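The primary structure of each chain is shown beneath.
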Amino acid sequence: MRQSHPINSNKMMLFITLLCLSALQLCQSYPIIFETDHNDRQCIDFNIPDGDDAHLLFIPLNDDIDETIEDWYVTQMSEITRHESKRFMKELDMAPSDIVAKTRGVAKSKVTVTVEQIGSRPPSSKTVNLTYFKLYKMQNIAEMLSKNKGWDKSRGQLVSVS
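Every value quoted in this text rests on a predicted model; they were computed, and no experiment measured them. (Residues numbered from 1 in each chain as written. Predicted model: local features only at pLDDT ≥ 70, side-chain atom pairs only at ≥ 80, totals over all residues. Heavy atoms only, no water.)

## Notes on the overall build of the chain
Part 1 of the reasoning: Secondary structure assignment for the chain yields three helices and eight strands.
Part 2 of the reasoning: Taken from the N to the C terminus, the helices and strands of the chain come in the order β-β-β-β-α-α-β-β-β-α-β.
Part 3 of the reasoning: Here the chain, with 162 residues, has 45% of them falling under the buried criterion.
Part 4 of the reasoning: Put simply, 71% of the contacts in the chain that link residues at least 6 apart link residues at least 24 apart. (Helix = DSSP H or I, 4+ residues; strand = E, 2+ residues; numbered from the N terminus. Buried < 20%, exposed > 50% of the residue type's maximum accessible area, 1.4 Å probe, protein only. Contact = heavy atoms within 4.5 Å.)

Below is the structure:
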């Protein structure tokens, strides 16, 4: 697996869901859980078929959370990425007061995520800083990256998330 731009944290977990959209129908979403150590890098490469696009959803969780918090976020992510759900691609529910109390005062996240077209020169990419316990949606990846100077149609829609 290619190592490039870092997903940095102080031992945290990052939930990522990849949703591919087809002109004819929606395909399944694929939840991916990354666990990284401070200054560690994780990378995933994927191909978005021609004529399709993808959405990425991120929720960084720090390592010091208790199991009930993790379970709540996993359930939320599962619900907003299930195609049959009334909450599909919506925001998270308001967190219950016990979850809010347990996540209050957590140190600021140093998590960054970069999405880029593999091999594009200059790089066709987007980098975002994430906040612990906050949902971030990056929608229409291929369309978004194709608007950048370095987008290379001949390379197809090979994308790296790191």
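## Quick notes on the packing of aromatic side chains
Part 1 of the reasoning: Within this structure, the stated rule accounts for three aromatic pairs.
Part 2 of the reasoning: Note on tryptophan 72 and tyrosine 73: the rings are 4.9 Å apart at their centroids and 90° apart in plane angle, and the pair reads as edge-to-face. With respect to burial, tryptophan 72 and tyrosine 73 carry one shared label: buried.
Part 3 of the reasoning: Taken together through their ring pairs, the aromatic side chains of Trp72, Tyr73, Tyr132 and Phe133 make up a single cluster. (Phe/Tyr/Trp six-rings, centres within 6.5 Å; stacked < 30°, edge-to-face > 60°.)

## Section: the side chain of histidine 55
Part 1 of the reasoning: Within the fold, histidine 55 resides in strand S4 (residues 53-62).
Part 2 of the reasoning: Classification of histidine 55 as buried rests on a relative accessible area of 7%.
Part 3 of the reasoning: Polar contacts involving the side chain of histidine 55 include one to the main-chain amide nitrogen of asparagine 140, which spans 2.9 Å. (Polar contact = N/O pair within 3.5 Å; in protein donor to acceptor, adjacent residues only side chain to side chain.)

## What about the confidence of the model for the chain?
Part 1 of the reasoning: Looking at the chain as a whole, the pLDDT averages 75, with 70% of positions reaching at least 70.
Part 2 of the reasoning: Strand S1 (residues 12-21) is the least confidently modelled element of the chain, averaging 54 in pLDDT, while helix H2 (residues 97-103) averages 92, the highest of any element.
Part 3 of the reasoning: Of the regions scoring below 50 in pLDDT, residues 1-11 engages in 50 contacts with residues more than four places distant in sequence or in other chains. (pLDDT = per-residue confidence, 0-100.)

## Quick notes on the pairing of strand S5 (residues 111-117)
Part 1 of the reasoning: Extensive coverage of S5 is indicated by the burial of seven of its seven residues.
Part 2 of the reasoning: Looking at chain direction, S5 and strand S6 (residues 125-130) are connected through six bridges and run antiparallel. Residue pairing across strands places threonine 112 opposite asparagine 129, the latter belonging to S6. (Pairing = 2+ DSSP bridges.)

## Structural notes on helix H1 (residues 67-80)
Side chains three or four residues apart in an α-helix point the same way, a direct result of the helix having 3.6 residues per turn.
Part 1 of the reasoning: Along its 14 residues, H1 runs 20 Å from first to last C-alpha, staying within 8% of the 20 Å computed at 1.5 Å per residue.
Part 2 of the reasoning: By the burial criterion, the buried members of H1 are Ile69, Trp72, Tyr73, Gln76, Met77 and Ile80. One face of H1 carries all of its buried residues, which in axial projection span an arc of 130°. Pointing more than 90 degrees away from the buried face of H1 are the exposed residues Glu67 and Thr75. (Expected span 1.5 Å × (residues − 1). Arc of directions from axis to C-beta.)

## Side note on unusual backbone geometry
Part 1 of the reasoning: Backbone geometry at phenylalanine 133 places phi at a positive 65°, although glycine is not the residue there.
Part 2 of the reasoning: In this structure, phenylalanine 133 sits in the loop between S6 and strand S7 (136-138).
Part 3 of the reasoning: Unusually for a residue other than glycine, asparagine 140 sits at a positive phi of about 50°.
Part 4 of the reasoning: By secondary structure assignment, the location of asparagine 140 is in the loop between S7 and helix H3 (141-146).

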